[in-house]
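# A structural walkthrough
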Amino acid sequence: MSEENITRIHLDGKEYILIGTAHVSKHSAEQVKEVIEAEQPDSVCVELDEQRYQSITEGSKWKEMDIIQVIKEKKASLLLMNLAISSFQNRMADQFGIKAGQEMIQGIESAKAAGAKLVLADRNIQITFARIWGNLGLKGKSLLLSQVIASIFSKDTITEEELEKMKNQDTINAILNEFTDSFPRLKKPLIDERDQYLAQKIKDAPGEKIVAVLGAAHVPGIKEEIKKEQDMAKLTERPPKSNVPKIIGWSIPVFILAIIAYTFFANPSAGLAQTISWIIWNGSLSALGAAIAMGHPLTILTAFVAAPITSLNPLLAAGWFAGLTQAYIRRPNVRDFETLSEDVFSVKGFWRNKVSRILLIVVLSNLGSSLGTFIGGADVIRVFLENL
């Protein structure tokens, strides 16, 4: 049996066998099967949380998703990002004729065949994303989204050699590699904290011989962290929400409304010009976002009407109204949900599938409305200063 990519640790009377894998490597899956069959461990730990385990073992759950509920729960952007990451992983897997995450599937199957206890060792993906998001400022969040989207739609292919080099990354890290260079703070929640969490879960796995199937990026950290006791409660805390965005969110509309009201009182024609400018900038840019996403004409009109109003209320967003309108007019059918994971494989598919198009409408309409708020707000202030 080849010992390449295998790390053995003996600690407190237990043996831990860490297999460093690439998430889209056929060789990794074969090695996982070989090691578990040879070692016959008491437990097999896989780098999955409950959510990703269900996705892998039960197949795609898209067809059970209620797109209207997703919009109402303000999860459209998160779902779009998850789809984007899935697209990136599937594109690489398709290039080499293998199934994404095959080594994890193999770990699950081999654990069952060996009669070993299966341990889902990774932290909940939503908590990881929340801690990543909490570590980034406005600039960082904008760069993160642009980096992810750019990576998805890239048509570049990779060689087998480059694929093997990716064994020192995991799936998300593969997409965010350049981004982590620019923003070192991202490494802590994405890699370091998960090293600690994974190490503790592996350490607590039952039995005296444990095999762990891991993205190779985590192996060096786990080798060190497994010697320590980790504070799991701290590692699973969601970051506290700052009040600053809320304060800014309410301050801007109050400021804009106060300026327009004052201008109306001093010069009604100038106040009317401010109001028209606010409506045109907000409505037009939000409608443009809906149009770029190829929304229905009524969806585009909804974005135009909603944006000037929702921009004055931080609890509302133009994209939600536009997305709900599109969902009612062009309600996705069963086929859209069944083919969603394949359609997001390409730019054309993103726009063709009714589900992903609705998500794009939500995100792009909101983006347009945000731009309209800054530009329209600046014009309102300009008219105000001219009429002092």
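None of the values given here were measured: they were computed from a predicted structure. (Residues numbered from 1 in each chain as written. Predicted model: local features only at pLDDT ≥ 70, side-chain atom pairs only at ≥ 80, totals over all residues. Heavy atoms only, no water.)

A complete count under the given rule lists 1 aromatic pair for this structure. Look at Tyr262 and Phe384: their rings are 5.8 Å apart centre to centre, the planes differ by 70 degrees, and that puts the pair in the edge-to-face class. With Tyr262 in helix α14 (residues 244-266) and Phe384 in helix α21 (residues 354-386), this residue pair connects regions lying 122 residues apart in the sequence. By relative accessible area, Tyr262 is classed as partly exposed at 48%. Residue classification places Phe384 among the buried positions, given a relative accessible area of 19%. (Phe/Tyr/Trp six-rings, centres within 6.5 Å; stacked < 30°, edge-to-face > 60°. Helix = DSSP H or I, 4+ residues; strand = E, 2+ residues; numbered from the N terminus. Buried < 20%, exposed > 50% of the residue type's maximum accessible area, 1.4 Å probe, protein only.)

Before going further, it helps to examine a nonpolar patch on the surface. Taken together, the side chains of Trp281, Leu367, Leu371, Phe374 and Ile375 define a hydrophobic patch exposed on the protein surface, amounting to about 500 Å² of accessible area. In terms of residues, the nonpolar patch owes the most to one element, α21, which gives 4 residues. Looking at the secondary structure, you find Leu371 in helix α21. (Patch = residues over 30% accessible without salt bridge, like charges linked within 9 Å, V, L, I, M, F, W, Y side chains within 5 Å. Areas by Shrake-Rupley, 256 points an atom, 1.4 Å probe, with all protein chains shown as cover. Salt bridge = Lys/Arg side-chain N within 4 Å of Asp/Glu carboxyl O.)

Axis separation between helix α15 (residues 268-292) and helix α16 (residues 297-310) bottoms out at 7 Å; the angle between their running directions is 145 degrees. Along this stretch, α15 crosses α16, giving a crossing that reads as right-handed. Taken together, the residues of α16 that come into contact with α15 (itself represented by Trp278, Ile279, Ile280, Asn282, Gly283, Ser284, Ser286, Ala287, Ala290 and Ala291) are Ile300, Ala303, Phe304, Ala307 and Pro308. Here the contact of α15 with α16 is composed, by residue class, of 11 nonpolar, 4 polar and no charged. (Axes fitted to C-alpha atoms, helices over the stretch in contact; angles between N-to-C directions. Left-handed = near helix turned anticlockwise from the far one by under 90°. Contact = heavy atoms within 4.5 Å. Nonpolar A, V, L, I, M, F, W, Y, C, P; charged D, E, K, R; others polar.)

A separate point is helix α11 (residues 187-203). Here α11 is 17 residues long and its end C-alpha atoms lie 23 Å apart, about the 24 Å a rise of 1.5 Å per residue gives. Arg194 marks where α11 bends most, by close to 30 degrees. The buried count for α11 comes to 12 of 17 residues, which makes it a mostly enclosed element. Of all the residues in α11, the buried ones are Pro189, Leu190, Ile191, Glu193, Arg194, Asp195, Tyr197, Leu198, Ala199, Gln200, Ile202 and Lys203. (Expected span 1.5 Å × (residues − 1). Bend = angle between axes of the 7 residues up to and from the residue.)

Inspection of the secondary structure puts Ile375 in helix α21. Put simply, Ile375 and Ser277 are 98 residues apart on the chain and 9.3 Å apart in space, counted from C-alpha to C-alpha. Beyond its immediate stretch of four places on either side in the chain, Ile375 contacts Trp281 and Leu285.

The next subject is the sheet that holds strand β4 (residues 117-120). Ordered in space as β1-β2-β5-β3-β4, the 5 strands form an open sheet in which the pairing is mixed. A strand with exactly one partner marks an edge of an open sheet, and here the two such strands are β1 (6-11) and β4. Recorded for the sheet is a direction-independent mean angle of 20 degrees between the axes of neighbouring strands. Pairing analysis gives 4 bridges linking strand β3 (residues 43-46) to strand β5 (residues 209-215), with the strands arranged parallel. Residue pairing in the sheet places Val46 in a bridge with Val213 of β5. Against the sheet, helix α1 (residues 26-39) touches β1, β2 (14-21), β3 and β5, its axis set at about 165 degrees to β2. (Pairing = 2+ DSSP bridges.)

Attention now goes to the UniProt feature "transmembrane region" (unreviewed entry) in the protein chain. Sites flagged by UniProt as "transmembrane region" (unreviewed entry) map to residues 247-265, 272-294, 300-322 and 358-385. A helix fraction of 91% and a strand fraction of 0% characterise residues 272-294, whose end C-alpha atoms lie 32 Å from each other. Helix makes up 100% of residues 358-385 and strand makes up 0%, while its end C-alpha atoms are separated by 40 Å. (UniProt positions renumbered as here; feature names shortened; annotations may be inferred.)

This brings us to α16. When the terminal C-alpha atoms of α16 are compared, their 20 Å separation across 14 residues agrees well with the 20 Å that a helix rising 1.5 Å per residue should span. Every buried residue belonging to α16 is among Thr299, Thr302, Ala303, Ala306, Ala307, Pro308 and Thr310, and all of these are buried. Those residues of α16 that are buried lie in contact with α15, α17 (318-329) and α21.

So, about a positive patch on the surface. Positive charge collects at one region of the surface, where Lys74, Arg238, Lys241 and Lys246 lie side by side. Along the chain, the position of Lys246 falls in helix α14. By relative accessible area, which is 55% here, Lys246 ends up exposed. (Lys, Arg positive; Asp, Glu negative; His and termini not counted. Charge placed at Lys NZ, Arg CZ, Asp CG, Glu CD.)

With that out of the way, let us pick up the confidence of the model for the protein chain. Within the protein chain, residue pLDDT values average 82, and 77% of them lie at 70 or more. Of all helices and strands in the protein chain, the one with the weakest mean pLDDT is helix α9 (residues 171-175) (50), whereas β3 scores best (97). (pLDDT = per-residue confidence, 0-100.)

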